[in-house]
Amino acid sequence: QLTMSLNSSTLLNEEKSQGPKRNTECLESLNLQTPPSCQDNPLQHLQLASQEVLEKAKKSGRSKCPRCSSSRMFYCYTCFVPVETVPTKEIPTVKLPLKIDIIKHPNETDGKSTAVHAKLLAPDDVTIYKYPCIPDYEEKRHEIALVFPGPNSVSVKDIGFHLQKFTKRSVCANDDDCSGEPVLKQAKIEPEENNLRECTRLKKIIFIDSTWNQTNKIITDERLQGLMQIELKTRKTCFWRHQKGKPDTYLSTIEAIYYFLVDYHQEILKENYKGQYDNLLFFFSFMYTLIKNAKGCTGKE
């Protein structure tokens with residue numbers, strides 16, 4: 001969730017020599033706090049496409065966005081496209097097993113958001129909306145879930161069971177004949193197991209892109225009420241802007257998307273994971289390493 005504006009050797013010490021900068025893209029104005037669990041770079045084992053194009057772009061400095069001509073590093077976070085020094089053909093493309101909607105808080109700084117990573121790397125499957133613009137999910141609630149921790153949230157492995165109950169309730173709401181049947185009993189009288197599996201397949205997942213202190217306005221919106229909520233309880237963040245006072249299981253947007261898909265692939269699709277979604281962290285892992293090295297150079301490891 002940032003756009004680089006400085007060479008890695010000066011990322012963290014320029015603030016001392018020049019004072020605070022108003023440009024929110026600059027790393028020196030950030031509180032770069034590496035979570036304890038990530039000191040040894042757990043991202044090093046990812047199966048990523050070559051990041052040579054990013055290395056070259058870093059050395060050449062900022063470049064123009066091909067659409068709006070704004071000066072950016074690596075990509076334009078408003079147009080969702082790589083800059084001129086980062087050819088699109090050299091950026092990996094990831095195909096996702098379901099569609100993703102990202103609802104971005106209006107006060108979330110564009111240059112700090114990792115949501116754009118998902119749009120850049122999976123452009124056919126990811127859509128970003130700026131709140132209060134939210135799609136109408138009313139008629140598709142049985143196919144949609146929201147990734148957000150809460151008292152009623154479920155784990156990824158329990159998605160199928162809970163989605164089945166959502167589907168049955170939706171059917172019974174429009175069918176007087178089944179209004180008295182318990183949910184689990186109704187599930188047993190389905191004529192075809194494959195039909196049931198198809199009816200309870202998750203087709204879209206929603207993520208909220210916001211600081212944790214700003215999420216309340218979005219999560220309480222009536223248009224998101226009634227959706228199944230999913231919580232990622234076992235993953236720990238490596239985000240350099242980890243918010244002080246929050247547990248390390250609170251992930252950045254791109255981390256949440258990536259880890260959800262890995263769990264979904266194994267727990268729901270029942271397939272071996274072989275790095276199919278690793279490239280979603282193509283930009284994130286590069287920035288993580290860049291910042292970690294810069295901190296090491298300044299003795300702030």
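Residues numbered from 1 in each chain as written. Predicted model: local features only at pLDDT ≥ 70, side-chain atom pairs only at ≥ 80, totals over all residues. Heavy atoms only, no water.

Could you clarify how one ought to interpret the overall build of the chain in this entry?
Looking only at helices and strands, the chain has 9 helices and 9 strands in total. Within the chain, buried positions represent 50% of all 301 residues. Long-range contacts, defined here as pairs at least 24 residues apart, represent 75% of the contacts in the chain between residues at least 6 apart. On the chain, roughly 15200 Å² of surface is accessible, and the fraction owed to carbon and sulfur atoms is 45%. (Helix = DSSP H or I, 4+ residues; strand = E, 2+ residues; numbered from the N terminus. Buried < 20%, exposed > 50% of the residue type's maximum accessible area, 1.4 Å probe, protein only. Contact = heavy atoms within 4.5 Å. Areas by Shrake-Rupley, 256 points an atom, 1.4 Å probe, with all protein chains shown as cover.)

What am I meant to see in the confidence of the model for the chain here?
For residues with low pLDDT, the predicted coordinates do not support detailed interpretation. When pLDDT is averaged along the chain, the result is 78; 68% of the residues meet or exceed 70. For the stretch residues 176-193, pLDDT sits under 50, and the model shows 15 contacts to residues farther than four places along the chain or on other chains. (pLDDT = per-residue confidence, 0-100.)

What is the right way to look at the nonpolar core in this model?
Generally speaking, nonpolar side chains in soluble globular proteins are found buried as a group. Counting residues in hydrophobic clusters, the biggest one holds 59 residues, and the most contacted among them are Ile-100, Ile-205, Phe-260 and Leu-280. With 9 residues, helix 8 (residues 253-267) is the single largest residue contributor to this core. Two domains each donate at least three residues to this core, and these are domain 1 (55-91) and domain 2 (92-167 + 199-295). Contacts of Phe-260, omitting those with residues within four sequence positions, involve Leu-98, Val-147, Val-156, Ile-159, Leu-202, Ile-205, Phe-207, Ile-230 and Leu-232. (Core = buried A, V, L, I, M, F, W, Y, C linked by side-chain atoms within 4.5 Å. Domains from an automatic or database assignment.)

Help me understand the sheet that holds strand 8 (residues 204-209), please; the structure alone is not making it clear to me.
Strand pairs in the sheet, formed through backbone hydrogen bonds, run parallel or antiparallel to each other. Spatial strand order, 6-5-8-7-9: 5 strands in an open sheet with parallel pairing. The outermost strands of the open sheet, each flanked by one partner alone, are strand 6 (126-130) and strand 9 (228-230). For this sheet, the mean inter-axis angle between neighbouring strands, taken without regard to orientation, is 30°. The pairing of strand 7 (residues 144-147) with strand 9 spans 3 bridges and is parallel. From the neighbouring strand, Ala-145 faces strand 9, where its bridge partner is Met-228. Helix-sheet contacts for helix 8 involve strand 5 (99-104), strand 7, strand 8 and strand 9, and the interaxial angle to strand 8 is about 155°. (Pairing = 2+ DSSP bridges. Axes fitted to C-alpha atoms, helices over the stretch in contact; angles between N-to-C directions.)

Can you help me understand the packing of aromatic side chains in this one?
The geometry of two aromatic rings is summed up by the distance between their centres and the angle between their planes. Tallied over the full model, the rule gives 7 aromatic pairs. Each residue in the set Tyr-75, Phe-282 and Phe-283 is aromatic and connected to the rest through ring pairs, giving one cluster. Stacked on the ring of Tyr-77, the Lys or Arg Arg-72 has its end atom at 4.1 Å from the ring centre. (Phe/Tyr/Trp six-rings, centres within 6.5 Å; stacked < 30°, edge-to-face > 60°. Lys NZ or Arg CZ within 6 Å of the ring centre and 35° of its normal.)

When you look at the side chain of Arg-141 in this model, what are you seeing that I'm missing?
Locating Arg-141 in the fold gives a position in the loop between strand 6 and strand 7. Arg-141 sits in the buried class, given a relative accessible area of 14%. Engagement of the side chain of Arg-141 in a polar contact is seen with the side chain of Glu-138, the distance being 3.2 Å. (Polar contact = N/O pair within 3.5 Å; in protein donor to acceptor, adjacent residues only side chain to side chain.)

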